[in-house]
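One-letter residues, chain by chain:
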Amino acid sequence: MNSSASFHLFGWRPSRGVARRPHSRLARSALGIVLAPLLLGGCAAHSVQPAAGSIAGSITVFAASSLKGAFATIGAQFEAAHPGVKVIFNFGPSSGLATQITQGAPVDVFAAASTKTMDSVIADGEVKAASTFAANSMEIATPAHPTRSVTSLADLAGAAIKVAICQQDVPCGAAALTLFSQNRIRVTPVTQELDVKAVLTKVQLGEVDAGIVYVTDVKAAKGAVIGIQIPAADNVTTTYPIAPITNSTNGSTAQAFVDYVLSDAGQNVLRAAGFLSP
Amino acid sequence: MSRRGRPITSPPRIVAIPAVIALLFLGLPIVGLLFRAPWSNLGAVLTSRTSLDALRLSLVTATAATMVAFVIGVPLAWMLARAQFPGRRLARALVTVPLVLPPVVGGIALLLAFGRRGIVGQYFESCCGVTLAFTAPGVVVAEAFVAMPFLIITVEGALRVLDARVEEAAATLGAGRLTIFRRVTLPLLAPALVAGGVLTFARALGEFGATITFAGNLPGVTQTLPLAVYVGLEGDPSEAVALSLILLAVSVGALVLLRDRWLRTGASA
């Protein structure tokens, strides 16, 4: 493509004398487009910070995928209790969130699905101390219209049964592996999904015959999957720690949110979602 | 106003500022990757079972996806460029859909079509016991879905600007359609085929969203390099960086190959 063709693209006809003007105008507007967001972004970074000790402004909460439903409710209640406060959630695999936090993600509260994950963040100095606020155990999720019958943990060892679990670095994946090993069953999963909600999706779509998820996930799916309970003696329990991030820019609100999760109101929401008391 | 020898078509100096910002923006992430790479234990990470499996699987599936694209994509490009048939415009639009579709959405769409409960996949399962999801062929399907449009569009574009008179001349000399395609059209298309093929291969190699959604993630079976990088990030970030280096090396290799080709065609045209 030659230069006259590119001029036509912008609707300019190249003619002597005027050819330079569109050039500089283009340069100026392009510069404006490039610099405007930089300048605006610079302003936003220094936006209103609440006075120390007050519960105001917005906080970002990184939470394990399995907490999605319960924390959305708790967040809404917390916002209602503190008008003007905004809680922004980022749900994902605990270990992935931990990596983001140690890489400096702007976050105020972290709630993980295992103490091991929280310990890695504590070891990195991002968190001083965490409180345990819930516990969860595992359940087998099967499709609402199963193609192959699965009725117990032992059935998962069948060669024809397609099983999905979380990948092993994620708490639900580690729990699934512990579950298999402590019950001495050999299961070859067809996939190790990135987080527990992805496992649930694969079950819901009927792509796998069974998935190892949390008890709370089956409950939250509201009939979209059929849960097969695992006897308490065979089951694995994972505990959920929560903590404000040490260098949060809104520490008082972060602490208030943690306190709310630990309060009776927060605990009631978690119980209703099927979480166990810590 | 004298420009002291600078041609009038060269941009005003102020354009250099955003241009440099753009260059830094594109370059710094790669510098970061190289800077933070765990050079001391790179060898150990790269020769680990997970890495080698992922690298092998990535190369095999990306190659297979490129081959699939050649076998069925090039004929489609040929039809789109040269044949008159009803719905040609619709077909051309359909080819561009995977380019603009978020790959995760592509993966879900693939599941709903070729998955176990999919509109076509359920018959694969019942008639022949074939399942694509969670298998290496499933990875190829996901990669081909996302990457094939690059080949089709490149080849179709080249076919449309090809001087048809050369082919007509061959026809007047008695060559049949297939002979013309094989002896005249194909050699003229070679640069576009190589460029499109390399683009397709590079895109297939980097495929993440459709693969993890459709084919899942199992080390040694469906865990390609991009998936291993993502999973590594959740466990051992330094492993993720090391694996990223392999992807970077292979992608840059493909790019160099492509650039060479482009330069050569540029000179001959």
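Our structure is the block above this text.
To start, this report covers the structure provided alongside it.

Reading the values: the criteria
Residues numbered from 1 in each chain as written. Chains lettered and ligands numbered in written order. Predicted model: local features only at pLDDT ≥ 70, side-chain atom pairs only at ≥ 80, totals over all residues. Heavy atoms only, no water. Contact = heavy atoms within 4.5 Å. Buried area = accessible area lost by both parts, 1.4 Å probe. Salt bridge = Lys/Arg side-chain N within 4 Å of Asp/Glu carboxyl O. Polar contact = N/O pair within 3.5 Å; in protein donor to acceptor, adjacent residues only side chain to side chain. Helix = DSSP H or I, 4+ residues; strand = E, 2+ residues; numbered from the N terminus. Nonpolar A, V, L, I, M, F, W, Y, C, P; charged D, E, K, R; others polar. Core = buried A, V, L, I, M, F, W, Y, C linked by side-chain atoms within 4.5 Å. Buried < 20%, exposed > 50% of the residue type's maximum accessible area, 1.4 Å probe, protein only. Disulfide = S-S within 2.5 Å. Pairing = 2+ DSSP bridges. Right-handed = clockwise from strand over helix to strand, strands pointing away.

### Comments concerning the interface of chain B and chain A
Consideration 1: Every contact between the two is made by 29 residues of chain B and, on the other side, 30 residues of chain A.
Consideration 2: Summed over both sides, the interface of chain B with chain A buries roughly 2,700 Å², with 59% coming from carbon and sulfur.
Consideration 3: Viewed at the interface, chain A and chain B are joined by 1 salt bridge.
Consideration 4: On inspection of chain B and its partner chain A, the count reaches 8 residue pairs in polar contact (both at pLDDT 80 or more).
Consideration 5: The set of elements that each furnish at least two residues to the side of chain B that touches chain A consists of helix 1 (16-36), helix 5 (103-114), helix 10 (209-214) and helix 11 (225-235) of chain B.
Consideration 6: In terms of residue count, the dominant contributor to the side of chain B that touches chain A is helix 11 of chain B (5 residues).
Consideration 7: Tallied by class, the residues present in the side of chain B that touches chain A amount to 18 nonpolar, 7 polar and 4 charged.

### Here's the deal with the nonpolar core
Consideration 1: Counting 71 residues, the largest nonpolar core has Leu67(A), Phe71(A), Phe133(A), Leu156(A), Ile212(A), Phe257(A) and Leu270(A) as its most contacted members.
Consideration 2: The dominant element in this core, judged by the number of residues it contributes, is helix 9 (residues 251-262) of chain A, at 6 residues.
Consideration 3: Setting aside chain neighbours within four positions, we find Leu270(A) in contact with Leu67(A), Ala70(A), Phe71(A), Ile74(A), Phe133(A), Ala134(A), Val261(A) and Phe275(A).
Consideration 4: Membership of the second largest hydrophobic core comes to 17 residues, among which are Ala81(B), Val95(B), Val155(B) and Ala192(B).

### Quick look at the state of the cysteines
In a disulfide, the sulfur atoms of two cysteines are held together by a covalent bond.
Residue and element names in this part refer to chain A.
Consideration 1: Under the definition given, this model contains 1 disulfide over all chains.
Consideration 2: At a sulfur-sulfur separation of 1.9 Å, the disulfide partner of Cys166 is Cys172. When the S-S torsion is -95°, as for the bridge of Cys166 with Cys172, the disulfide is left-handed. No difference in accessibility class separates Cys166 from Cys172, as the two residues are buried.

### Topic: the pairing of strand 2 (residues 86-92) of chain A
Residue and element names in this part refer to chain A.
Consideration 1: In this sheet, strand 2 lies alongside strand 1 (residues 58-64) in parallel orientation, the contact comprising 7 bridges. Bridge pairing in strand 2 places Phe62 opposite Asn90.
Consideration 2: Note on the crossover from strand 1 through helix 3 (residues 68-81) to strand 2: the handedness is right-handed.

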